[in-house]
Amino acid sequence: MTAGAMDVAREGGLAGAYVPVSEDRARVLLRTHYGFGGALKRFETEKDDTFRVTRDDGARFVLKIANPDEPWTEVEFQSALLDHVAARDPSLPVPRNVPDSRGRALFSEDFDGVVRIVRLLTYLEGTPLCETTSNAAERVQIGRMLARLRHATEGFSHP
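Computed from a prediction, not measured in an experiment: that's the story for all the values here. (Residues numbered from 1 in each chain as written. Predicted model: local features only at pLDDT ≥ 70, side-chain atom pairs only at ≥ 80, totals over all residues. Heavy atoms only, no water.)

Caption draft 1: Summary view of the overall build of the protein. The secondary structure content of the protein amounts to 4 helices and 6 strands. Listed by position from the N terminus, the elements making up the protein come as α-α-β-β-β-α-β-β-β-α. Among the 159 residues that make up the protein, the fraction classed as buried is 33%. Summarising the internal contacts of the protein: among those between residues at least 6 apart in sequence, 62% fall at separations of at least 24. A total of about 9700 Å² of accessible surface is found on the protein, and carbon and sulfur atoms cover 55% of it. (Helix = DSSP H or I, 4+ residues; strand = E, 2+ residues; numbered from the N terminus. Buried < 20%, exposed > 50% of the residue type's maximum accessible area, 1.4 Å probe, protein only. Contact = heavy atoms within 4.5 Å. Areas by Shrake-Rupley, 256 points an atom, 1.4 Å probe, with all protein chains shown as cover.)

Caption draft 2: Region of interest: helix α2 (residues 23–34). The first and last C-alpha atoms of α2 sit 16 Å apart over 12 residues, in line with the 16 Å expected at 1.5 Å per residue. Tucked inside the fold, the buried residues of α2 contact β1 (39–43), β2 (49–54), β3 (60–65), β4 (97–98), β5 (106–111) and β6 (114–122). At the C-terminal side of α2, Gly-35 shows a positive phi close to 80 degrees. (Expected span 1.5 Å × (residues − 1).)

Caption draft 3: Structural context of the packing of aromatic side chains. Going through the model one piece at a time under the given rule, you end up with 3 aromatic pairs. Between the aromatic rings of Phe-36 and Phe-61, the centroid separation amounts to 5.2 Å while the plane-to-plane angle is 35 degrees, which identifies the pairing as tilted. Residue Phe-36 is located in the loop between α2 and β1, and its partner Phe-61 is located in strand β3; the two are separated by 25 residues in the primary sequence. When the ring centre of Phe-36 is taken as reference, the NZ or CZ atom of Arg-55 above it lies at 5.0 Å. (Phe/Tyr/Trp six-rings, centres within 6.5 Å; stacked < 30°, edge-to-face > 60°. Lys NZ or Arg CZ within 6 Å of the ring centre and 35° of its normal.)

Caption draft 4: Representation of the pairing of β2 in the model. Extensive coverage of β2 is indicated by the burial of 5 of its 6 residues. Between β1 and the antiparallel strand that follows it, β2, lie 5 residues. Taken together, the 6 bridges between β2 and β3 define a ladder with antiparallel strand orientation. Counted as the bridge partner of Thr-50 is Lys-64 from β3. Linking two consecutive strands that pair antiparallel, namely β2 and β3, is a turn of 5 residues; a positive phi of about 95 degrees is found at Gly-58 within it. (Pairing = 2+ DSSP bridges.)

Caption draft 5: A look at helix α3 (residues 72–88). Here α3 is 17 residues long and its end C-alpha atoms lie 24 Å apart, about the 24 Å a rise of 1.5 Å per residue gives. Among all positions of α3, only Val-75, Ser-79, Ala-80, Leu-82, His-84, Val-85 and Ala-86 are buried. The inward-facing, buried residues of α3 contact β4, β5, β6 and α4 (136–152).

Caption draft 6: Here's a closer look at unusual backbone geometry. Residues other than glycine seldom take positive phi values, yet Asp-112 does so here, at roughly 55 degrees. Considering the arrangement of structural elements, one finds Asp-112 in the loop between β5 and β6. The exposure class assigned to Asp-112 is exposed, which follows from its relative accessible area of 80%.

Taken by themselves, the reported measurements are silent on function.
Rendered as structure tokens:
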């Protein structure tokens, strides 16, 4: 790793200590900001708290609570890119931002004196690519999907 790459790795969320948010706190957050609750399943992640949320009606979402060291600009970049992709190719199967009750795609929340960024995304059913095998025809389809994703990101810019 180059010196510049190591500097980047030391900055932001990957360098920060992991401070878990309880499922109870996540449920309160959902009810307060999105108006619903549901069953939660924590995903193991490197730097943040991520939960799959299953509402009583079966709809699924992903609740992401960023690491306290994650800069707003990095999380906002991810959110803005998803909006850009959705506008350029609405049928592309990528997560979508779910606005809170005030219409925000993301917001800051105080967790016991530590401010963290919160967002809710749609959930995509399926098996992660790393957990599957594929044949030549399926790999062609993967390539086509990646090409669509690349095209959908065209013109995106963010500070």
